[in-house]
Amino acid sequence: MGLSEADLTAIFLTLRLASVVTILLLLLGTPLAWWLARTRSLLKGPIGALVALPLVLPPTVLGFYLLVAMGPNGPLGQFSSAVGLGTLAFSFWGLVVGSVFYSMPFVVQPLQNAFEAVGSRPLEVAATLGAGPLDRFFTVALPLARPGFVTATVLGFAHTVGEFGVVLMIGGNIPGQTRVVSVQIYDHVEALAYDQAHGLAALLLGFSFLVLMLVYGSRRRAGTGMGW
Amino acid sequence: MKEALGTGQLAHRRASIRRALRRQVLGWLLLLPYGGNLAAEEVLVAVASNFTAPMQALSETFQRQTGHDVQLAFGSSGRFFAQISNGAPYQLFFSADQAKPQALVAQGLAEAESRFTYAVGGLVLWSADADRIGSGVETLAAAEFERLAIANPRLAPYGLAAIQVLQALELEESLQGKLVQGENIAQAYQFIASANANLGFVARSQVMSNGVLGSGSAWSVPSALHEPIRQDAVLLRNGLNSTAARELLRFVASEAGQAIVAGFGYVGLD
């Protein structure tokens, strides 16, 4: 297939980005989804809508406003400069921040659905048996919501691997920092290097198919075992 | 009975008046897009993004003079090339380089005789900060900035020219770590305009009109520092039978057209 060294760098960068983003999203998304699933607050509607916004906004639009916000005159840029991080655009961590916004709904929504499906009854039963709130969350709610976590992890990871518009806007195409696989393929196409584009795209396609197949296969097995 | 007949006739007459009116309104609506010129045609043009502003000015004048309707699509030449090779309906292609129109001619997708250089690009070092650039060479050599934006040299002729300038000034190696690349010259401009990059190389046409800098500070790069950025236009297969497309090409090549082009900072044709 003839992958160049630049292609390999892009592949490893993409995997690193998707892993970091997925872990961060699970850490941030779990409490958020838990709150959204159980709250009766008036803020549930607005917060839920805010989380879902990236589903509707075109990625390049989101990316452009992230670029403006991350600039020295934007709110994100002023915040990151104030805490000594400099500006975030054109850096790996800038992409992480952008991707967290962009992939948020793909993690929060499956988790929220899973928590809602668990319902309050198992938790109330656990409470009558003397389990504290943290105990109830970690030993009752989390295991029952496991299918939701599998879906959230896969979707969050896959969506970040396939991300393009946001990265294009805030990346700056720096090898090893911000030049991810999707941008590399785009560059090959734009440079009329269609053979290289085909090779890399086929690899991306094969990888995505394999990951999804493994997860959906294992989910069915896990699901039948748990009586879902 | 007589009365009933009377109202019946009245209703009939009203209905026929309504029908006639409707026909006329329909006729007007159908005629409306032609603006009075029945020979007017629509031309669909693919334009490299660096030529956005001049092309808008050119097509405005052209439409006023001829009554033709010009539809402009702006984007990267590489993407247009891929789209045209796969059947996009554009009739004219204004590329950012010479290679892509040549390749389209070679593929039989464009008319060889129609190809001509419509503009030679001018490069400028630009910053949104009005105090940033005094003497361009000194600003670059001092390197007191974090990010220098260029267009991707592999994809965009302006990016390639920017690299050639850095090579000519023997600064390519020392500035390598500060370079950020936009996919095209429009994105390089965005990076600088949003102050994410302190300065960068863009097309003169993006920051100057009628020789006047719009904002910030700039250094017009001497054309001796890089290969000329020749931009070719070509008539595509879909435009072979369009008189309007040919007229537009002629207009851009004409003295009046080239005067508009020069107003946006393009170097004159030799």
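Preceding this paragraph is the structure being described.
What you are looking at is a predicted structure, and each value in this text was computed from that prediction instead of being measured. (Residues numbered from 1 in each chain as written. Chains lettered and ligands numbered in written order. Predicted model: local features only at pLDDT ≥ 70, side-chain atom pairs only at ≥ 80, totals over all residues. Heavy atoms only, no water.)

(A) Quick look at the overall build of chain A. Along chain A, the regular secondary structure elements total 11 helices and 0 strands. Secondary structure elements of chain A, listed N to C terminal, follow the sequence α-α-α-α-α-α-α-α-α-α-α. The principal-axis extent of the C-alpha atoms belonging to chain A is close to 65 × 45 × 30 Å. Relative to its full complement of 228 residues, chain A shows a buried share of 43%. Considering only contacts in chain A between residues 6 or more positions apart, those separated by 24 or more positions represent 72%. Accessible surface, chain A as shown: approximately 11500 Å² in total, 70% of it carbon and sulfur. Side-chain charges in chain A split into 11 positive and 9 negative, and the spacing between the mean points of these groups amounts to 19 Å. (Helix = DSSP H or I, 4+ residues; strand = E, 2+ residues; numbered from the N terminus. Buried < 20%, exposed > 50% of the residue type's maximum accessible area, 1.4 Å probe, protein only. Contact = heavy atoms within 4.5 Å. Areas by Shrake-Rupley, 256 points an atom, 1.4 Å probe, with all protein chains shown as cover. Lys, Arg positive; Asp, Glu negative; His and termini not counted. Charge placed at Lys NZ, Arg CZ, Asp CG, Glu CD.)

(B) The arrangement of the overall build of chain B in detail. The helix and strand tally for chain B stands at 11 helices and 12 strands. Counting across all 270 residues of chain B, residues that qualify as buried make up 47%. Long-range pairs, those at least 24 residues apart, make up 76% of the contacts in chain B between residues at least 6 apart in sequence.

(C) Focus on empty space enclosed by the protein. Residues and elements named next belong to chain B. Following the criterion strictly, the structure yields 2 cavities of 30 Å³ or more and no others. Within this model, the largest cavity holds a volume of roughly 160 Å³. Forming the boundary of the largest cavity are 17 residues, of which S77, A96, L155, A156 and P157 lie nearest the centre. Its residues assigned to classes, the lining of the largest cavity comprises 7 nonpolar, 7 polar and 3 charged. Shared between two domains, the lining of the largest cavity holds at least three residues of each, these being domain 2 (42-120 + 230-263) and domain 3 (123-220). Of the pockets and cavities examined, the second largest cavity occupies roughly 40 Å³. (1 Å grid on protein atoms, 1.4 Å probe; cavity = no way out; pocket = protein on both sides within 12 Å on 5 of 7 lines; lining within 4 Å. Points joined across faces, edges and corners; volume = space filled by probe spheres on them. Nonpolar A, V, L, I, M, F, W, Y, C, P; charged D, E, K, R; others polar. Domains from an automatic or database assignment.)

(D) A look at the pairing of strand 8 (residues 199-203) of chain B. Residues and elements named next belong to chain B. Of all 5 residues that make up strand 8, 5 are buried, and the element is covered over most of its length. Two strands pair when backbone bridges link them, and strand 5 (residues 123-127) and strand 8 are joined in this way by 4 bridges, in the antiparallel orientation. Its bridge partner being in strand 8, V124 is matched across the sheet by V202. Two strands pair when backbone bridges link them, and strand 6 (residues 148-151) and strand 8 are joined in this way by 2 bridges, in the parallel orientation. Pairing of A149 across the sheet is with G200, part of strand 8. (Pairing = 2+ DSSP bridges.)

(E) Up close: a nonpolar patch on the surface. All names here are of chain A. A cluster of nonpolar residues, L50, L53, L57, V61, Y65 and V68, forms a patch on the protein surface that exposes about 530 Å² of accessible area. When residues of the nonpolar patch are traced back to their parent elements, those giving at least two are helix 2 (44-56) and helix 3 (59-70). Among the elements that make up the nonpolar patch, the one with the highest residue count is helix 3 (3 residues). By the secondary structure assignment, L50 is in helix 2. (Patch = residues over 30% accessible without salt bridge, like charges linked within 9 Å, V, L, I, M, F, W, Y side chains within 5 Å. Salt bridge = Lys/Arg side-chain N within 4 Å of Asp/Glu carboxyl O.)

(F) How the structure looks around the interface of chain A and chain B. Each partner contributes to the interface: chain A provides 24 residues, whereas chain B provides 21 residues. Where chain A abuts chain B, roughly 1900 Å² becomes buried across the two surfaces, and 54% of that area is made up of carbon and sulfur atoms. Contact with chain B buries area across many residues of chain A, yet F90(A), E190(A) and L192(A) alone supply 29% of it, more than any other trio. Linking chain A with chain B are 0 salt bridges. One can count 11 residue pairs in polar contact (both at pLDDT 80 or more) joining chain A with chain B. Counting only elements with at least two residues in the side of chain A that touches chain B, the list comes to helix 3, helix 9 (165-170), helix 10 (181-190) and helix 11 (194-225) of chain A. Here the side of chain A that touches chain B takes 5 residues from helix 10 of chain A, the largest share from any one element. For the side of chain A that touches chain B, a count of residues per class yields 15 nonpolar, 6 polar and 3 charged. (Buried area = accessible area lost by both parts, 1.4 Å probe. Polar contact = N/O pair within 3.5 Å; in protein donor to acceptor, adjacent residues only side chain to side chain.)

(G) Region of interest: the environment of G136(B). Residues and elements named next belong to chain B. As for its placement among the helices and strands, G136 is situated in helix 5 (residues 136-142). In this structure, the C-alpha to C-alpha distance between G136 and L148, residues 12 residues apart in sequence, is 13 Å. Those residues within four positions of G136 in sequence are excluded, and the remaining contacts are L125 and W219.

(H) Spatial organisation of the sheet that holds strand 3 (residues 92-94) of chain B. Residues and elements named next belong to chain B. Taken together, the 5 strands give an open sheet; going across it, the order is 2-1-3-12-4, and neighbouring strands pair in mixed fashion. Both outer strands of the open sheet, strand 2 (69-75) and strand 4 (116-121), are each paired with one neighbouring strand and no more. Each strand axis lies, on average, 20° off the axis of its neighbour in the sheet, ignoring direction. Judged from the 7 bridges that link them, strand 1 (residues 42-48) and strand 2 form a sheet pairing that is parallel. Across the sheet, residue A48 finds its bridge partner in strand 2, namely G75. Across the sheet, helix 3 (residues 77-85) lies against strand 1, strand 2 and strand 3, angled at about 115° from strand 2, the strand it touches most. (Axes fitted to C-alpha atoms, helices over the stretch in contact; angles between N-to-C directions.)

(I) Expanded view of the pairing of strand 12 (residues 229-235) of chain B. Residue and element names in this part refer to chain B. Within strand 12, 6 of the 7 residues are buried, leaving the element largely enclosed by the surrounding structure. Of the pairings in the sheet, the one linking strand 3 to strand 12 comprises 3 bridges and is antiparallel in character. Bridged to L92 within strand 12 is L235.

(J) The arrangement of the nonpolar core in detail. Counting residues in hydrophobic clusters, the biggest one holds 104 residues, and the most contacted among them are F51(B), F94(B), L140(B), L148(B) and F201(B). It is helix 5 (residues 92-118) of chain A that provides the largest number of residues to this core, a total of 12 residues. The residue makeup of this core includes at least three contributed by each of domain 2 (42-120 + 230-263) and domain 3 (123-220) of chain B. In contact with F51(B), not counting residues within four places along its chain, are L58(B), F94(B), Y118(B), A119(B), V261(B) and Y266(B). Residues A73(B), F81(B), L104(B) and A110(B) belong to the second largest nonpolar core, which totals 13 residues. (Core = buried A, V, L, I, M, F, W, Y, C linked by side-chain atoms within 4.5 Å.)

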